[in-house]
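Remarks on the overall topology
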Amino acid sequence: MLTQFAIVIFQVIIILALAPLLSGIIKKVKAFLQMRKGPGIFQPYYDIAKLLRKDSVVSENVSWIFHAAPIISFVAVLTAGLIIPVYISNMPFSFAGDLIAVVYLFALARFFIALASLDAGSSFGGMGGSREMFISSLVEPAMMLSIFAIALNVGTTNLSVISGAVSSMGLDAISPYHLLAFVALFIIAIAETGRIPVDNPATHLELTMIHEAMILEYSGKQLAIVELGAMMKQLLVFSLLANIFFPWGIASELSAAGIALSLIVFIIKIVVIGVVIAMVETSTAKWRLFRLPNLLSISLMLSFLALISFIIVKGG
Amino acid sequence: MSELVFGSKMMQLLIALILVSTFMILGSTRLYSCVRAFGIQSFLLAGVAGIVAYSTGKSDIYIVAILTLVIKAAVIPYIFIYIIREIKVKREIALYVNISPSLIIGGVLVVISYYLVRSINIRTELSSFALSASISLVSIGLFIMISRKKAIMQMLGILLMENGLFLGAISLTYGMPLLVELGIFFDVLIGVLIMGILIFRINRTFESIDTDMLKTLIG
């Protein structure tokens, strides 16, 4: 019982501690690729620490939703973090929810941020909120379908079991549907974390911004919570990619050496994914909003193909 | 035995990637990215041929693989890029069917080809996967030919169909005799050259390579 608590608490600490670092690393790699020096990789920590010390400036017209939304979305993402395997494949809370719960916890977080963006009544906020909802309506089905292909192979939607099973299969797990679903989920990860073909995370005043437009009204502590929530979500989406599709090296039992190794492997994996995302971001231009359905329907089609090829290969 | 298992696994992965590249052609709105996706697909096809050659040990399939690499993955994309550059065509492709519906139709075509293959009752999982991928490539190529307006895309569609047939042939029967294979490569190359010249002529006569324009009378 006590060890179970320890696992959960350690997982929360890891997610909170690594999320800003991942953002920092992606920013640094991007700066390197663009021949800039760029801020240090610990800059997001300083930013959040500074924001937490500042007071919030809040519009007079907002309701309680504006104050509640950052906390609700932060908690929703953190709850998803209790179900997604990060450094150990049998999470104690895995009985509480599966991949569908994760998708909808992300949706809950997104819903409240979008609601808060409408609450302040600024024109930017409304624009950002409507765009975010537009994209999320395309992202959700593709995200579920792509993980379903793997879930079908293992026979459960429980993320911990999927991760453990794929890990124990070793290289046998690599198959057409695995590959197709991975490509599909990678596109989804770009959309879900607001990266460049979909949204530009580096902009604060541009007509095309989505996430930044939604949180434009926030400042001080609330902004820190929203930003940290977004970074956590990014880390969790990456660890979903890493631990569902190539979970090799993840610890399945509780032992100090195993967990240390699995943690190191995990950090290497998410840094590699982060570097690839930074390369994609540097080499592509942001897409027009109305071209995004094309990108996301490619992802939807690929996850659909993954399901089909699972049926073909396994002979349904 | 384990080498054979590894080979069939690699082949399944390559075929999956070939399907991905087909959907890249279907999903992109730029001529250059379509051509690039076709080049990648041919490269992967050469990989499939290479694996077949390695696992069967037939040396003539190596030649086929190298020819695929040289002609389909290098020369033909180069001819495409040359044509696009020379006739200074607008780089966006014109469509009869929009991108998202095209992708959905592509998915439906894959399902249909899977059901076709399932009714044939084939022995191994690899060959049923390869055959259904091959049939879907042929049907998606046909779909590209009828749903895109530019003459270049029609050329790309027919080459996609040819790739599909090649995939089916090489993975099911381990290749046709080398002489037949050489003849096909020669045909494809000459076909591309002739189609290229045809596109130049269409462009000169109609000042566009939009096949919609071909319906109008020129006095």
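Figured I'd write up the structure that's included with this text.

The rules we used
Residues numbered from 1 in each chain as written. Chains lettered and ligands numbered in written order. Predicted model: local features only at pLDDT ≥ 70, side-chain atom pairs only at ≥ 80, totals over all residues. Helix = DSSP H or I, 4+ residues; strand = E, 2+ residues; numbered from the N terminus. Rg over C-alpha atoms; globule rule 2.2 N^0.38 Å. Buried ≥ 20, exposed ≤ 12 C-beta atoms within 10 Å, placed from the backbone. Contact = placed C-beta atoms within 7 Å. Nonpolar A, V, L, I, M, F, W, Y, C, P; charged D, E, K, R; others polar. Axes fitted to C-alpha atoms, helices over the stretch in contact; angles between N-to-C directions. Parallel < 35°, antiparallel > 145°, perpendicular 65-115°, else oblique. Left-handed = near helix turned anticlockwise from the far one by under 90°. Expected span 1.5 Å × (residues − 1). Bend = angle between axes of the 7 residues up to and from the residue. Core = buried A, V, L, I, M, F, W, Y, C linked by C-beta atoms within 7 Å.

On to the overall build of chain B. Helix and strand counts for chain B stand at seven helices and zero strands. Counting from the amino terminus, helix and strand elements in chain B follow one another as α-α-α-α-α-α-α. In summary, chain B has a C-alpha radius of gyration of 18 Å against a globular reference of 17 Å for 219 residues, a match within 12%. With the principal axes as the frame, chain B shows a C-alpha extent of 65 × 35 × 25 Å. Burial status across chain B gives 43% buried among its 219 residues. For chain B, restricting intrachain contacts to residue pairs at least 6 apart in sequence, the fraction spanning at least 24 positions comes to 72%.

Further remarks concern the overall build of chain A. Counting secondary structure elements, chain A contains eleven helices and zero strands. The order of α-helices and β-strands along chain A, N terminus first, is α-α-α-α-α-α-α-α-α-α-α. On C-alpha atoms alone, chain A measures out to a radius of gyration of 19 Å, which is about the 20 Å that the 2.2 N^0.38 rule sets for 316 residues. The burial tally for chain A puts 50% of its 316 residues in the buried class. For chain A, restricting intrachain contacts to residue pairs at least 6 apart in sequence, the fraction spanning at least 24 positions comes to 80%.

The interface is formed by 22 residues belonging to chain B together with 19 residues belonging to chain A. Mapped by element, the contributors of at least two residues to the side of chain B that touches chain A are α1 (2-27), α4 (99-120) and α5 (125-147) of chain B. Among the elements that line the side of chain B that touches chain A, the one with the most residues is α1 of chain B, at ten residues. When the residues that make up the side of chain B that touches chain A are grouped by side-chain class, the tally is 13 nonpolar, seven polar and two charged.

What follows concerns the packing of helix α3 (residues 64-83) of chain A against helix α4 (residues 99-119) of chain A. Residue and element names in this part refer to chain A. For the pair α3 and α4, interaxial distance at closest approach is 8 Å and the crossing angle is 165°. The orientation of α3 with respect to α4, classified from their angle, is roughly antiparallel. Seen from above, α3 lies across α4 with left-handed handedness. Here Ile-65, Phe-66, Ala-69, Ile-72, Ser-73, Ala-76, Val-77, Thr-79, Ala-80 and Ile-83 of α3 come into contact with α4, specifically with Ala-101, Val-102, Leu-105, Phe-106, Leu-108, Ala-109, Phe-112, Ile-113, Leu-115, Ala-116 and Asp-119. By residue class, the composition of the contact of α3 with α4 is 18 nonpolar, two polar and one charged.

To continue, consider unusual backbone geometry. Residues and elements named next belong to chain A. Although it is not a glycine, Met-35 sits at a positive phi angle of roughly 60°. With respect to the secondary-structure elements, Met-35 resides in the loop between α1 (2-33) and α2 (43-53). Given 7 C-beta atoms within 10 Å, Met-35 falls into the exposed group.

Topologically, Pro-44 of chain A is positioned in helix α2. In this structure, the C-alpha to C-alpha distance between Pro-44 of chain A and Met-231 of chain A, residues 187 residues apart in sequence, is 9.4 Å.

Looking now at helix α3 (residues 59-86) of chain B. All names here are of chain B. With 28 residues, α3 should cover 40 Å at 1.5 Å per step; its first-to-last C-alpha distance of 39 Å lies within 8% of that length. At Val-75, α3 shows its largest kink, close to 25°, and the proline Pro-77 lies no more than four residues downstream. Listed as buried for α3 are Ile-61, Val-64, Ala-65, Leu-67, Thr-68, Lys-72, Ala-73, Ile-76, Pro-77, Phe-80, Ile-83 and Ile-84. Packed against the buried residues of α3 are α2 (31-56), α6 (151-173) and α7 (178-206). Once α3 ends, the next one or two residues include Lys-88, with phi positive near 50°.

What follows concerns the nonpolar core. In a soluble, globular protein the nonpolar side chains are often hidden away together inside. The biggest cluster of nonpolar side chains holds 164 residues, and the ones touching the most others in it are Leu-180 of chain A together with Val-48 and Ile-152 of chain B. Ranked by the residues each element gives to this core, the list is headed by helix α9 (residues 220-245) of chain A, at 16 residues. Apart from the residues lying within four places of it in its own chain, the contact partners of Ile-152 of chain B are Leu-31, Phe-80, Ile-83, Ile-84, Ile-199 and Ile-209 of chain B.

Residues and elements named next belong to chain A. For Ile-187, the location among the structural elements is in helix α7 (residues 176-192). As a C-alpha pair, Ile-187 and Trp-64 span 123 residues in sequence and 35 Å in three-dimensional space. For Ile-187, the contacting residues outside a window of four places in its chain are Leu-295, Ile-298 and Ser-299.

A few words on α4 of chain A. All names here are of chain A. Compared with an ideal rise of 1.5 Å per residue, which puts 21 residues at 30 Å, α4 spans 30 Å between its outermost C-alpha atoms and is within 8% of the ideal. Three or more residues of α4 are buried, namely Leu-99, Val-102, Leu-105, Phe-106, Ala-109, Arg-110, Phe-112, Ile-113, Ala-114, Ala-116, Ser-117 and Asp-119. Among the structural elements, α3, α5 (123-154), α6 (159-169), α8 (211-214) and α9 are those in contact with the buried residues of α4. The positive-phi residue at the C-terminal boundary of α4 is Gly-121, with phi of around 75°.

All names here are of chain A. Its place among the elements puts Ile-273 in helix α10 (residues 256-283). For Ile-273, a count of 20 C-beta atoms within 10 Å corresponds to the buried category. Between the C-alpha atom of Ile-273 and that of Ile-26, which follows or precedes it by 247 residues, the distance is 9.4 Å. Excluding residues that lie within four positions of it along the chain, Ile-273 makes contacts with Phe-238, Leu-241 and Ala-242.

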